[in-house]
Amino acid sequence: MKRLIPTLRADACEESLISVLNTVQTAAKEIAFRLHQGAMAGVLGSTLDENIQGETQKKLDVVANQLLKDLLLECQYVHAVASEEEDSIVVGDQRGEYLIAFDPLDGSSNIDINGLVGTIFSVLPRPAGIEGEEMFLQPGKNQVAAGYVLYGPSTMLVLTTGQSVRMYTLDQTVGEFLLTKPEVKIPHQTQEFAINMSNKRHWSTAMHEYISDLLAGKEGPREKNFNMRWIAAMVGDVHRVLSRGGLFTYPWDKRKPNKPFKLRLLYEANPMAMLVEKADGLATDGYDPIMTIQPTDIHQRVGVVLGSKEEVESCMAYHANHP
Ligand code: AHG
Ligand code: MN
Ligand code: MN
Ligand code: MN
């Protein structure tokens, strides 16, 4: 089986980008090791701190963030990083040509139950003539690479550099990510969806109607039965969608008028949107493609509806009826 770096060279990726992705895999292997040690490494449980999102940080959110930040800022090709766990961007090498946005640990609530968690990352080009946070305010279509690492029964890296979407599995015996699925394609149709149903009473009319029609099954207007799965880590739910199709959504929610969305555009929605669209799926906010949204803030949140093309289009039709 092929190792990660030779597959990137075969794609004629820039050596600078290969170096950045190599740094991400090094950090991911270290995070995987700490996660597997679990309670023995004393890394489970919460800290007393809150991040800028108002969430209590788990110890592993902090550990994973520190590892990624330190290693990426040592890489000469990285100009700056933005992270879920950092209030503002952190600038590294002045000559660096890339910006990296990341969610160091996605699915924090799964840590203490030994459930699926992951690292999500997005690589953007450094724009000329702009400094500070504004550098990161680029639509997702500018991404030069995007991916995630899933820490599950096996540790997997799922990556695209704009060509195909590939899955690699960490071979613990040699400590290398090996290519195990060379080309991921999402089936256009599905009978599986993922949503946190407990928020039902807070959704928009469009989402309410769409999910009700899925639940009505064969006897309802969709005339087929749907199955529901929810991992509570976007990385796990998107991995299922990439593996066998499906629709994943974290929709608008009326509870907090100033914070109506949960997922973050730069380091959750955009990288997942690139993977899903390169794998022949669709990623929207219910109305427009995620990757066309012009960000105004590095921690901006967004509604997400992604997965099997025809199912995402069905969901969008409900939104079009209730603009
Ligand atoms: P994070 O752990 O990085 O803060 O992200 C959590 C997100 C995402 O992974 C997942 O889809 C969602 O929160 C789960 O939320 P619920 O608590 O509604 O299940
Ligand atoms: Mn969080
Ligand atoms: Mn997350
Ligand atoms: Mn996180």
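Criteria and cut-off values
Residues numbered from 1 in each chain as written. Chains lettered and ligands numbered in written order. Predicted model: local features only at pLDDT ≥ 70, side-chain atom pairs only at ≥ 80, totals over all residues. Helix = DSSP H or I, 4+ residues; strand = E, 2+ residues; numbered from the N terminus. Rg over C-alpha atoms; globule rule 2.2 N^0.38 Å. Buried ≥ 20, exposed ≤ 12 C-beta atoms within 10 Å, placed from the backbone. Contact = placed C-beta atoms within 7 Å. UniProt positions renumbered as here; feature names shortened; annotations may be inferred. Near = placed C-beta within 6 Å. Nonpolar A, V, L, I, M, F, W, Y, C, P; charged D, E, K, R; others polar. Domains from an automatic or database assignment. Core = buried A, V, L, I, M, F, W, Y, C linked by C-beta atoms within 7 Å.

For the chain, the count of helices and strands is seven helices and 17 strands. For the chain, the C-alpha radius of gyration of 19 Å lies close to 20 Å, the compact-globule estimate for 323 residues. When its C-alpha atoms are laid out on the principal axes, the chain stretches across 55 × 45 × 45 Å. Sorting the 323 residues of the chain into buried and exposed places 45% on the buried side. Summarising the internal contacts of the chain: among those between residues at least 6 apart in sequence, 61% fall at separations of at least 24.

Right, let's get into the UniProt feature "domain: Fructose-1-6-bisphosphatase class 1 C-terminal" (unreviewed entry) in the chain. The sites that UniProt annotates as "domain: Fructose-1-6-bisphosphatase class 1 C-terminal" (unreviewed entry) are residues 186-319. Span residues 186-319 is 35% helix and 15% strand, its end C-alpha atoms 23 Å apart.

A separate point is the site of ligand 1. As a structural note, the neighbourhood of ligand 1 is formed by 13 residues, with Asp106, Ser108, Asn196, Ala232 and Met234 the closest of them. Within the shell around ligand 1, the residues separate by chemical class into four nonpolar, four polar and five charged. A domain-level breakdown of the shell around ligand 1 finds at least three residues from each of domain 1 (4-181) and domain 2 (192-321).

With that settled, consider the UniProt feature "binding site: substrate" (unreviewed entry) in the chain. Under the local residue numbering, the UniProt record ascribes the feature "binding site: substrate" (unreviewed entry) to Asp106, Gly107, Ser108, Ser109, Asn196 and Lys262. According to the C-beta neighbour criterion, Ser109 is exposed, with 12 such atoms within 10 Å. With respect to the secondary-structure elements, Asn196 resides in the loop between strand S11 (192-194) and helix H4 (205-215). Taking the number of C-beta atoms within 10 Å as the measure of exposure, Asn196 has 14 and is therefore partly exposed.

One finds Ile100, Val158, Met272, Val276 and Leu306 to be the most contacted residues of the largest nonpolar core, which totals 93 residues. Here this core gets nine residues from one element, more than from any other, and that element is helix H6 (residues 265-278). Both domains that meet at this core, namely domain 1 (4-181) and domain 2 (192-321), each give it at least three residues. Residue contacts for Val158: discarding those within four places in its chain leaves Gly147, Tyr148, Leu150, Val165, Met167, His239, Leu242 and Leu275.

What follows concerns the domain arrangement of the chain. Parsing the chain into structural domains produces domain 1 (4-181) and domain 2 (192-321). A separation of 23 Å is found between the C-alpha centroids of domain 1 and domain 2. Residue assignment for the side of domain 1 that touches domain 2 shows that the elements contributing at least two residues are strand S5 (98-106), strand S6 (117-125), strand S7 (145-151) and strand S8 (155-160). Taken together, the residues of the side of domain 1 that touches domain 2 sort by class into 17 nonpolar, eleven polar and five charged.

The buried fraction of H6 amounts to 14 of the 14 residues, a majority that puts the element mostly inside the structure. Taken from the residues just after H6, Asp280 is the one with a positive phi, measuring 80°.

So, on to unusual backbone geometry. Of note, the phi angle at Asn114 is positive, near 55°, even though the residue is not glycine. Look at Asn114 and you get exposed, because 11 C-beta atoms sit within 10 Å.

All right, on to helix H5 (residues 234-244) then. The element H5 is largely enclosed, with a buried count of eight among its eleven residues. Within H5, the full set of buried residues consists of Met234, Val235, Gly236, Asp237, Val238, His239, Val241 and Leu242. One or two residues past the end of H5 sits Gly245, with phi positive at roughly 85°.

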